[in-house]
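These are the residues of each chain, in order.
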Amino acid sequence: MGNAKRPDEFELIARFFAPLAEGESGALGLQDDAALLRPEEGKRLIVTTDTLSAGVHFPAEEAPGDIAAKLLGVNLSDLAAMGARPWVYTLSLSLPEDWQPSFLEEFARELGRQQEAYGLHLVGGDTVAGKGPLTLTLTVIGTVDEGGELRRGGAQAGDHVYLSGTLGDGALGLRVMQGEIDGLAGKHAEELLARYRRPRPRVQLGLRLAGLASAAIDVSDGLVADLGHLAKASAHDAIIEAGRVPFSDAARAAFALNPDLMKVALTGGDDYELLFTAPSTAADDIEGLSKELDLALTRIGQMGADGEDAGDVRVIGDDGREMTFAGAGYRHF
């Protein structure tokens, strides 16, 4: 990392982070004790926070730009799942003892690229140096029209279950990083790694699902687990047809090497696609939205009845039998 002189706290803020606050008057130039924010009339705030730690959520040697993209991406995915438009964010950094200015320079540069792409600004945070690993906490605030937010709990019996994009690339990318998929072509390996390192939050999709989707969640812990969260909140069970689940060419190449990796794709998480439900009457509108956004929106299943099985998710294989899994998804504890 080099041995450049490290700035003190105030120099650090002025050099790396104050430029990210330009364009949002409520940030007050990061010169006051807190931000001063006023949402537009008729809007509600959507607030989400994620913490990422080196050695847990990303390798300690990960590139600063990739860390920045993932940190912002996973939070924006939560906003997308609630149909919110990104507005502002705060950032808290706990830096390791050996941190260097070059790390923060690249990290802040990528944050700038990402916030420009998604239309939000930094408005505050905190920075400390400690003896532990690099730990980053980011809080994003978005806005929605009054009553226009998407929730997990609105799915009804018979609603179709949809998934955006493709499934499993993030979980398979992690296994590529860990050296657990032998023989995968370089192109496919790089595609899977990119999906793991840099999520693609479906912000525009989330904004367009208001009035179409009955419930929504992002796929962070795994398809089966996250659909289970949605089903439980909606007091229904759900069925997934494995043959309908969309997979990328890179994922299918991995399955060809090891068929057991399909179960990893179904349960592994880190996809940050949107999983949502909608009544059958919305099918044509969803197909039109898919074409307009140039984003696959695939019907993969259906919501079942309410009752004692609320939250249960059954995955039916191509042979018509129910698939079983050692674990349904990522658990934080």
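Relevant structure appears above.
A brief report on the enclosed structure follows.

The rules we used
- Residues numbered from 1 in each chain as written.
- Predicted model: local features only at pLDDT ≥ 70, side-chain atom pairs only at ≥ 80, totals over all residues.
- Heavy atoms only, no water.
- Pairing = 2+ DSSP bridges.
- Helix = DSSP H or I, 4+ residues; strand = E, 2+ residues; numbered from the N terminus.
- Axes fitted to C-alpha atoms, helices over the stretch in contact; angles between N-to-C directions.
- Left-handed = near helix turned anticlockwise from the far one by under 90°.
- Contact = heavy atoms within 4.5 Å.
- Nonpolar A, V, L, I, M, F, W, Y, C, P; charged D, E, K, R; others polar.
- Buried < 20%, exposed > 50% of the residue type's maximum accessible area, 1.4 Å probe, protein only.
- Expected span 1.5 Å × (residues − 1).
- Salt bridge = Lys/Arg side-chain N within 4 Å of Asp/Glu carboxyl O.

**Observations regarding the sheet that holds strand β5 (residues 160–164)**
Part 1 of the argument: The strand order β6-β8-β5-β9-β7-β10 describes an open sheet built from six strands, whose pairing is mixed. Across the chains shown, the open sheet's two edge strands, defined by having one partner strand only, are β6 (215–218) and β10 (313–316). In this sheet, adjacent strand axes meet at a mean angle of 25 degrees when their direction is disregarded.
Part 2 of the argument: Where β5 and strand β8 (residues 274–278) come together, four bridges link them in antiparallel fashion.

**A few points about the packing of helix α2 (residues 64–81) against helix α3 (residues 101–118)**
Part 1 of the argument: Contact geometry for α2 and α3: axes closest at 7 Å, N-to-C directions at 35 degrees. Where α2 crosses over α3, the handedness of that crossing is right-handed. Taking contact as the criterion, the partners of P64, G65, I67, A68, A69, L71, L72 and L76 in α2 are, on α3, F103, E106, F107, E110, L111, Q114, Q115 and Y118.
Part 2 of the argument: Residues belonging to the contact of α2 with α3 are distributed by class as follows: 11 nonpolar, three polar and two charged.

**What about the environment of A233?**
Part 1 of the argument: Note that A233 resides in helix α7 (residues 223–234).
Part 2 of the argument: Sequence separation between A233 and R152 is 81 residues, and the spatial gap between their C-alpha atoms is 6.0 Å.
Part 3 of the argument: Those residues within four positions of A233 in sequence are excluded, and the remaining contacts are R152 and G153.

**Thoughts on unusual backbone geometry**
Part 1 of the argument: Even without a glycine there, the phi angle at A235 is positive, about 60 degrees.
Part 2 of the argument: When you line up the elements, A235 lands in the loop between α7 and β7 (236–241).
Part 3 of the argument: Taking relative accessible area as the criterion, A235 reaches 35% and is therefore assigned partly exposed.
Part 4 of the argument: Positive phi values are uncommon outside glycine, yet Y272 reaches one of about 60 degrees.
Part 5 of the argument: As for its position among the elements, Y272 is in the loop between α9 (261–267) and β8.
Part 6 of the argument: In this structure Y272 comes out as buried when scored by relative accessible area, which is 9%.

**A word on α2**
Part 1 of the argument: With 18 residues, α2 extends 26 Å from end C-alpha to end C-alpha; this agrees with the ideal 26 Å at 1.5 Å per step.
Part 2 of the argument: Of all 18 residues in α2, 17 are buried; the element is thus mostly enclosed.
Part 3 of the argument: G83 sits one or two positions beyond α2 and adopts a positive phi of about 70 degrees.

**Re the pairing of strand β4 (residues 135–145)**
Part 1 of the argument: For β4, a buried count of eight out of 11 residues is recorded, marking the element as mostly surrounded by other parts of the structure.
Part 2 of the argument: Bridge count between strand β2 (residues 85–95) and β4: nine bridges; the pairing is antiparallel. Its bridge partner being in β4, T90 is matched across the sheet by T139.

**What about the pairing of β6?**
Part 1 of the argument: A two-sided burial pattern is seen for β6, the buried positions comprising A215 and I217 on one face and A216 and D218 on the other.
Part 2 of the argument: Of the strand pairs in this sheet, β6 and β8 are connected by four bridges, and their pairing is antiparallel. Of the residues in β8, the one forming a bridge with A215 is T277.

**Quick word on the pattern of salt bridges**
Part 1 of the argument: Scanning the model with the defined rule gives 15 salt bridges in all.
Part 2 of the argument: Its salt-bridge partner being R198, residue E110 comes within 3.0 Å of it at the nearest N-O pair. In this pair, E110 sits in helix α3 while R198 sits in the loop between α5 (186–197) and α6 (203–208), placing the two residues 88 residues apart along the sequence.
Part 3 of the argument: Close ionic contact of E322 with R314 constitutes a salt bridge, the shortest N to O distance being 3.4 Å.
Part 4 of the argument: You can call E322 partly exposed: its relative accessible area is 44%.
Part 5 of the argument: According to the relative accessible area criterion, R314 is partly exposed, its value standing at 38%.
Part 6 of the argument: What you see here is one network of salt bridges that share partners, running through D66, E110, R113 and R198.

**Comments concerning the side chain of S290**
Part 1 of the argument: Position of S290 among the secondary structure elements: in helix α10 (residues 283–293).
Part 2 of the argument: Those residues in contact with S290, other than ones at most four positions away along the chain, are L295, A296 and L297.

**Let's talk about the environment of A251**
Part 1 of the argument: On the secondary structure map, A251 appears in helix α8 (residues 249–257).
Part 2 of the argument: Sequence separation between A251 and E191 is 60 residues; the distance between their C-alpha atoms is 9.2 Å.
Part 3 of the argument: Apart from residues lying up to four places away in sequence, A251 is in contact with D169, L172 and L192.

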